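Topology and contacts: notes
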Amino acid sequence: MALAIEEAKKDPNEVPVGAVLVKNKEIIATAHNECVAQNGICHAELLVIERALKKLGTTYLEDCELYVTKEPCIMCFGATVNARVKRVYFGCYDTKYGAMEYIEKLGYLHKINHVPEIYGGIMETECKTLLEEFFQ
């Protein structure tokens, strides 16, 4: 998560979200938000998944773990499902756009063929502070 935090700090014009994708304890790809630099769907999670798939030359990331500084939105959670990421570790919870609460309320998890293991609150204070300072 510390590397994801460093990634989040790379562009002071972007909402500070960083992501790291790991396979067998090896860093495969890193990314940070590029919504301002590129377009509104260039979230760190989507970019890191795309880079990892390209680097590994595969269709799925079944043996990979995603570390991201903020709870994924519904779009990014969908990407982790479609890419079959094994585990998702996120820093701070996002009460406004975070997907986890919505996904659980909708009863969506039992309807899909792959559900990543999800762990939240990893280095939560540090990740939350990044966002709070950005939006002040």
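Residues numbered from 1 in each chain as written. Predicted model: local features only at pLDDT ≥ 70, side-chain atom pairs only at ≥ 80, totals over all residues. Heavy atoms only, no water.

**A few points about helix H3 (residues 74–82)**
Defined as follows: Under the scheme applied here, a residue whose accessible area is under 20% of the maximum for its type counts as buried, over 50% as exposed, and between as partly exposed, the area being computed with a 1.4 Å probe on protein chains only. The helix count covers DSSP runs of H or I at least four residues long, the strand count covers runs of E at least two residues long, and both are numbered beginning at the N terminus.
Of the residues making up H3, those classed as buried are Cys76, Phe77, Ala79, Thr80 and Val81. A positive backbone phi angle near 60° is found at arginine 84, which sits one or two residues after H3.

**A few points about the sheet that holds strand E3 (residues 64–70)**
Put simply, the rule is: One requirement defines pairing of two strands: DSSP has to find at least two bridges between them. As a rule, the C-alpha atoms of each element are fitted with a line to give its axis, helices using only the stretch in contact, and angles between N-to-C directions run from 0 to 180 degrees.
Spatial ordering of the open sheet is given by E2-E1-E3-E4-E5, a layout of five strands whose pairing is mixed. Either end of the sheet is taken by a strand with one partner, and the two such strands are strand E2 (26–32) and strand E5 (117–119). Taken pair by pair, the neighbouring strands of this sheet meet at an average axis angle of 15°, ignoring direction. For strand E1 (residues 18–23) and E2, the ladder comprises six bridges, and the chain directions are antiparallel. Considered in E2, the bridge of alanine 19 is made with alanine 31.

**A look at the nonpolar core**
The criterion, for reference: We define a nonpolar core as any set of buried Ala, Val, Leu, Ile, Met, Phe, Trp, Tyr and Cys residues linked to one another through side-chain atoms lying within 4.5 Å.
Grouped together as the largest cluster of nonpolar side chains are 37 residues, with contacts concentrated most on Leu21, Val48, Ile49, Leu61, Leu66 and Val85. Within the residue set of this core, elements represented by two or more residues are helix H1 (2–8), E1, E2, helix H2 (44–56), E3, H3, strand E4 (87–92) and helix H5 (124–135). The biggest single contributor to this core is H2, with five residues.

**So, the state of the cysteines**
Short version of the rule: Any cysteine sulfur atom paired with another within 2.5 Å is treated as part of a disulfide.
Going through the model one piece at a time under the given rule, you end up with zero disulfides. With no disulfide of its own, cysteine 73 lies closest to cysteine 76 among cysteine sulfurs, the gap being 3.7 Å. Taking relative accessible area as the criterion, cysteine 73 reaches 12% and is therefore assigned buried. Here cysteine 92 stays free of any disulfide, with the sulfur of cysteine 127 as its closest cysteine sulfur at 5.6 Å. Residue class for cysteine 92 comes out buried when judged on its relative accessible area of 3%.

**Some words on the packing of aromatic side chains**
Note the following rule: Between the rings of Phe, Tyr and Trp (Trp by its six-membered ring), a pair exists once the centres lie within 6.5 Å; its type follows the angle of the planes, with under 30 degrees stacked, over 60 edge-to-face, and the other angles tilted.
Applying the stated criterion to the full structure yields four aromatic pairs. Taking the centre distance of 4.7 Å and the plane angle of 10° together, the rings of tyrosine 67 and tyrosine 89 count as stacked. Of this pair, tyrosine 67 sits in strand E3 while tyrosine 89 sits in strand E4; the two residues are 22 residues apart in sequence, bridging distant segments of the chain. Owing to a relative accessible area of 17%, tyrosine 89 belongs among the buried residues under this scheme. Between the aromatic rings of phenylalanine 134 and phenylalanine 135, the centroid separation amounts to 5.0 Å while the plane-to-plane angle is 90°, which identifies the pairing as edge-to-face. The exposure class assigned to phenylalanine 135 is exposed, which follows from its relative accessible area of 59%.

**Concerning the environment of tyrosine 67**
Formally: Contacts are assigned to residue pairs with any non-hydrogen atoms lying within 4.5 Å of each other. N or O atoms within 3.5 Å of each other form a polar contact, as long as, within protein, one can give a hydrogen and the other can take it, and as long as residues adjacent in sequence are counted only when both atoms are side-chain atoms.
Once the C-alpha coordinates of tyrosine 67 and glycine 57 are considered, the two residues, ten residues apart in sequence, prove to be 20 Å apart. Filtering out sequence-adjacent residues up to four positions away, tyrosine 67 remains in contact with Met1, Ala4, Gly18, Ala19, Val20, Val22 and Tyr89. Of note is the side chain of tyrosine 67, whose polar atom sits 3.5 Å from the side chain of glutamate 65.

**Structural notes on the environment of valine 48**
Within the element layout of this structure, valine 48 appears in helix H2. On the basis of relative accessible area, valine 48 is assigned to the buried category, the value being 0%. In this structure valine 48 touches Ala19, Val20, Leu21, Ala29, Thr30, Ala31 and Leu66, once residues within four positions along its chain are discounted.

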